[in-house]
Amino acid sequence: MVKPLKDSFIFDTSALVSLATIDLINNIVKLFNIITTKSVVEELEDFSKFDDVYGKISKKVLKYKNKFIIKSIKINKTLNFVEHTDNELFNLALKEKLILITDDIKFSYHASKYIGTYFSTFFIGLFISSKIISKEEAISKLDKLRDLRNWKNNIIYLTTKEELEKL
Amino acid sequence: MQTEQFNIRLPIGLLHDLDIVSKLLKVNKSEWVKLRLAENIMEEKNKLLMELGNLYINNLITREEIKKLLGEEISNRIEFIKNKSLNSIKRGFYYGKTIKR
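Residues numbered from 1 in each chain as written. Chains lettered and ligands numbered in written order. Predicted model: local features only at pLDDT ≥ 70, side-chain atom pairs only at ≥ 80, totals over all residues.

Caption draft 1: Representation of the overall build of chain A. The number of helices and strands found in chain A is nine helices and five strands. In sequence order, chain A lays out its α and β elements as β-α-α-β-α-α-β-α-β-α-β-α-α-α. For chain A, the C-alpha radius of gyration of 15 Å lies close to 15 Å, the compact-globule estimate for 167 residues. When the backbone C-alpha atoms are referred to their principal axes, chain A occupies close to 45 × 45 × 30 Å. The proportion of buried residues among the 167 residues of chain A is 43%. Residue pairs at least 24 apart in sequence account for 61% of intrachain contacts in chain A once pairs closer than 6 positions are excluded. (Helix = DSSP H or I, 4+ residues; strand = E, 2+ residues; numbered from the N terminus. Rg over C-alpha atoms; globule rule 2.2 N^0.38 Å. Buried ≥ 20, exposed ≤ 12 C-beta atoms within 10 Å, placed from the backbone. Contact = placed C-beta atoms within 7 Å.)

Right, dumping it as structure tokens:
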């Protein structure tokens, strides 16, 4: 079965930042619709005012801003423990019946009870099997993701690396 | 923010040092200690949980042991991250096979 190009996914800020960090966002823009909200773009614009790592990556993401599909949504169902921006994305995913890509563990944990969610590493697997990147490139990209170090990213890194090495 | 009283006895010398720091920085002693303590606790927590993650992924500690040590919430969270990571890479790999370049 051949899937039509330009399938759509919903992205939050954390996923866009991760995918720009590992230089996959340009490929994603070409192959898929990046759907997000105005609040996500505003978050990135806020980050981009700083000259730190996140600021620089946010600027990189914002270069593709005009290719994003920005949607507004009324919040009908609220997840506790997550930000307003996350609840917008959650409702958008519910309404549009689309997969949400997020590297925000708390958001993913609560949202996964109602919608499909993947970490941004979904696209590492996707681009390996579609032969857009090699396994070696994938491992090197994963190493870059680990540089955004915290204990949760460490588990994503270790689990994904083990799986990649089996491919 | 919800708070709770936590009393500690400090050596006199350390309190004198704290006094000097607060005078030089022109900051409130309690606020300064709270801030530095929060930074240190966050850093240590992250470091220890990274180690715990390494042990778990390498099968050197079980989910049940983590549950006994730190409670159900953290053990569930660790298991969730592991499963979601596996699912993300596997589903992405499968999806990629259906793409026509």
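Caption draft 2: Looking closely at the interface of chain A and chain B. Across the contact, 29 residues belong to chain A and 27 residues belong to chain B. Mapped onto the side of chain A that touches chain B, the elements with two or more residues apiece are helix H6 (105–111), helix H7 (122–129) and helix H9 (151–166) of chain A. Sorting elements by how many residues they give to the side of chain A that touches chain B places H9 of chain A first, with 10 residues.

Caption draft 3: Structural view of the packing of helix H3 (residues 63–70) of chain B against helix H4 (residues 72–97) of chain B. Residues and elements named next belong to chain B. Interaxial distance between H3 and H4 falls to 7 Å at its minimum, and their mutual angle equals 145°. Here Arg63, Ile66, Lys67 and Leu70 of H3 come into contact with H4, specifically with Glu72, Ile74, Ser75, Ile78 and Glu79. Partitioned by chemical class, the residues of the contact of H3 with H4 number four nonpolar, one polar and four charged. (Axes fitted to C-alpha atoms, helices over the stretch in contact; angles between N-to-C directions. Nonpolar A, V, L, I, M, F, W, Y, C, P; charged D, E, K, R; others polar.)

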